[in-house]
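# Residue-level structural notes
Here is how the chains run, residue by residue.
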Amino acid sequence: MRISTAEVLDCLRQLEIVDPCDERQFNTVLGANFAKSRREQGEFDRLYHLFFHGMQSGVPLDGELPEDALTQKPEVPDVISDKMAELIRQVRDQEGAEHPDKIKGNELDQALMDFLAGNPLAFIQEVQKIQNQDEQTSQFFKSNLGQLSSRLEIMLRINRMKTKMVQFLGSHDAFIDWAESDVTGLKKRVNSQLTKALDFLNTEPRLDNAGLKETGARELHYKSLGEIPFSNLTPKETQAVKEVINRLVRKLEEITSRRFSGANRGMVDVKKTIQRSVKYLGVPLEIVHKSRPPRKGKIVTLCDVSGSVWSTARFMLNILYSLQTCFSRVKSYVFIERPVDVTSFFMSNEPNEAIQKILNDPRINYNARTDYGMAFQQFRDDHLRELDKKTTLIIIGDARSNYLNSREPLLEKMRDRCRRLIWLNPEQKKFWGTGDSEMMRYQDHCNEARACGNLNQLIDFIEALVL
């Protein structure tokens, strides 16, 4: 979570005016300062529970606070915790004697020992390295095997650490003066803490996307033609759809032109109105308004041009560029494995001609396998500057990435940069998440995700976008 110095200082000042020993007040103050959105609230609760409760003995690491967690008093440190620190110290001393070339042993082993001692920070950083590993992965290595192997390595280290600790407790004569109950308690504590580490490694945190806009009942604009999937249209039906789109474009242009002409009138300009009233003996017969330019949003589209997705993307691009007067700018990228800027085609040609030229663009490898993860990474690296808080990013695709690395965290970075992120999927919702579809993962990072595979669904979306 991104926390600024100013937010930390604000939090400290507010803690001075509440009772920090009352955990409910303490939790509320921290959450109010550090969880800056509803999406971050779930992650804040998870980290808070891990730090203040999850590392305690006997508390499950499930990311949820117990019902009485904010009212119960902190536990007094027990003898087992002190003996755990002594156990870790002796294990480290033994490793230093056996392996003098290693100053403090393996970093991951040290992180696990810190986890056993009650400090999870180093282990969390090791897990974060795995989650961010796709950003350092070579562009030629497209699968997520790197992450899986790293995760497997940590799992093996956890099991190895558990075995090492238990064997040390059973054989080392340094504990000959300890009671058998203490040794048994230490074994239970080691098993419990390392099980929590394993759970933390295997738990995939999902952002709270309660604000995801879901489309409900839609209007049946055209009974027969409007319900045919774009990929199944015959040449005659395709021509009929183009005629419908042309009528829709003319209608929306008329509506928006009236709106923008009315919106150009801002508040009353009192100074100029009084000046104009001089020629009418002080009577304000002419009301002068302050000029206000209409607010037009910017559109950036990222379109999958493989297979049946292209049949939806071409109609979508056709409408957007026919409605350019409704937006301050429209910029388009198409991809199969890497994004290609095709905005210039639409700037110098009619939409239909531009679409034909895109199909013949040698920069697009139509024989390549669709790779959404690589496309998002290339867009992040080369074109992220195109997104700002006035931009609506529209992704058109079926989210089928041939079982390659989905790299869904990159979508979160795009969402943070733009006004909103909308995903249009030509498949019906019942097919989302089946087979190689990563749609259920991707929609967690979208402001809106909707099925858009026929004319009626496309009309609903365009009217909602423009009006």
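To be clear, the structure that these remarks concern was listed above.
Residues numbered from 1 in each chain as written. Predicted model: local features only at pLDDT ≥ 70, side-chain atom pairs only at ≥ 80, totals over all residues. Heavy atoms only, no water.

### Some words on the pattern of salt bridges
What counts is decided by this rule: A carboxyl oxygen of Asp or Glu within 4 Å of a side-chain nitrogen of Lys or Arg is what we treat as a salt bridge.
Under the counting rule described, the total for this entry stands at 21 salt bridges. Taken together, the shared-partner salt bridges connect Glu7, Lys36 and Glu40 into one network.

### With respect to the packing of aromatic side chains
As a reminder, the rule being used: Within 6.5 Å between ring centres, the rings of Phe, Tyr and Trp (the latter by its six-membered ring) count as paired, and their orientation is classed by plane angle as stacked under 30 degrees, edge-to-face over 60, tilted in between. Only protein chains enter the accessibility calculation, which uses a 1.4 Å probe. A residue is then buried if its area is under 20% of the maximum for its type, exposed if over 50%, and partly exposed in between. Numbering of helices and strands runs from the N terminus; a helix is a DSSP stretch of H or I covering at least four residues, while a strand is a stretch of E covering at least two.
In this structure the tally under the stated criterion is 17 aromatic pairs. Measuring from ring centre to ring centre gives 5.2 Å for Phe115 and Phe123, while their planes differ by 65°; the resulting arrangement is edge-to-face. The same class applies to Phe115 and to Phe123, which are both buried. Both rings, one in Trp423 and one in Tyr442, keep their centres 5.1 Å apart while their planes meet at 15°; by these two values the pair is stacked. Taken together, the positions of Trp423 in strand 7 (residues 420–425) and Tyr442 in helix 17 (residues 439–442) put the pair 19 residues apart, joining distant regions of the chain. Judged on exposure class, the residue Trp423 and its partner Tyr442 are both buried. Members of the aromatic cluster, each reached through a chain of ring pairs, are Phe26, Phe44, Tyr48, Phe51 and Phe52.

### Overview of the environment of Val166
Summarising the element assignment, Val166 is placed in helix 8 (residues 145–171). We classify Val166 as partly exposed; its relative accessible area is 30%.

### A few points about the side chain of Asn349
Operational definition: Side-chain atoms alone can form a polar contact between residues adjacent in sequence; in general such a contact is a pair of N or O atoms within 3.5 Å, and within protein one must be able to donate a hydrogen while the other accepts it. Between two residues, a contact is recorded if the distance between any of their heavy atoms is within 4.5 Å.
With respect to the helices, strands and loops of the structure, Asn349 is situated in the loop between helix 13 (343–348) and helix 14 (351–359). A polar contact is formed between the side chain of Asn349 and the backbone oxygen of Phe345, at a distance of 2.9 Å. A polar contact is formed between the side chain of Asn349 and the side chain of Ser348, at a distance of 3.1 Å. Beyond its immediate sequence surroundings of up to four residues, Asn349 is in contact with Ala354 and Lys357.

### Focus on the nonpolar core
Rules: We call a set of buried Ala, Val, Leu, Ile, Met, Phe, Trp, Tyr and Cys residues a nonpolar core when their side-chain atoms join them within 4.5 Å.
Met316, Leu323, Phe327 and Ile462 are the most contacted members of the largest nonpolar core, which has 48 residues in total. When residues of this core are assigned to their parent elements, the largest contribution, nine residues, is made by helix 12 (residues 309–322). Leave out the neighbours within four places in its chain, and Leu323 touches Val249, Leu252, Glu253, Ile462 and Val466. Core analysis: the second largest hydrophobic core is formed by 29 residues, Leu50, Ala111, Ile124 and Ala197 among them.

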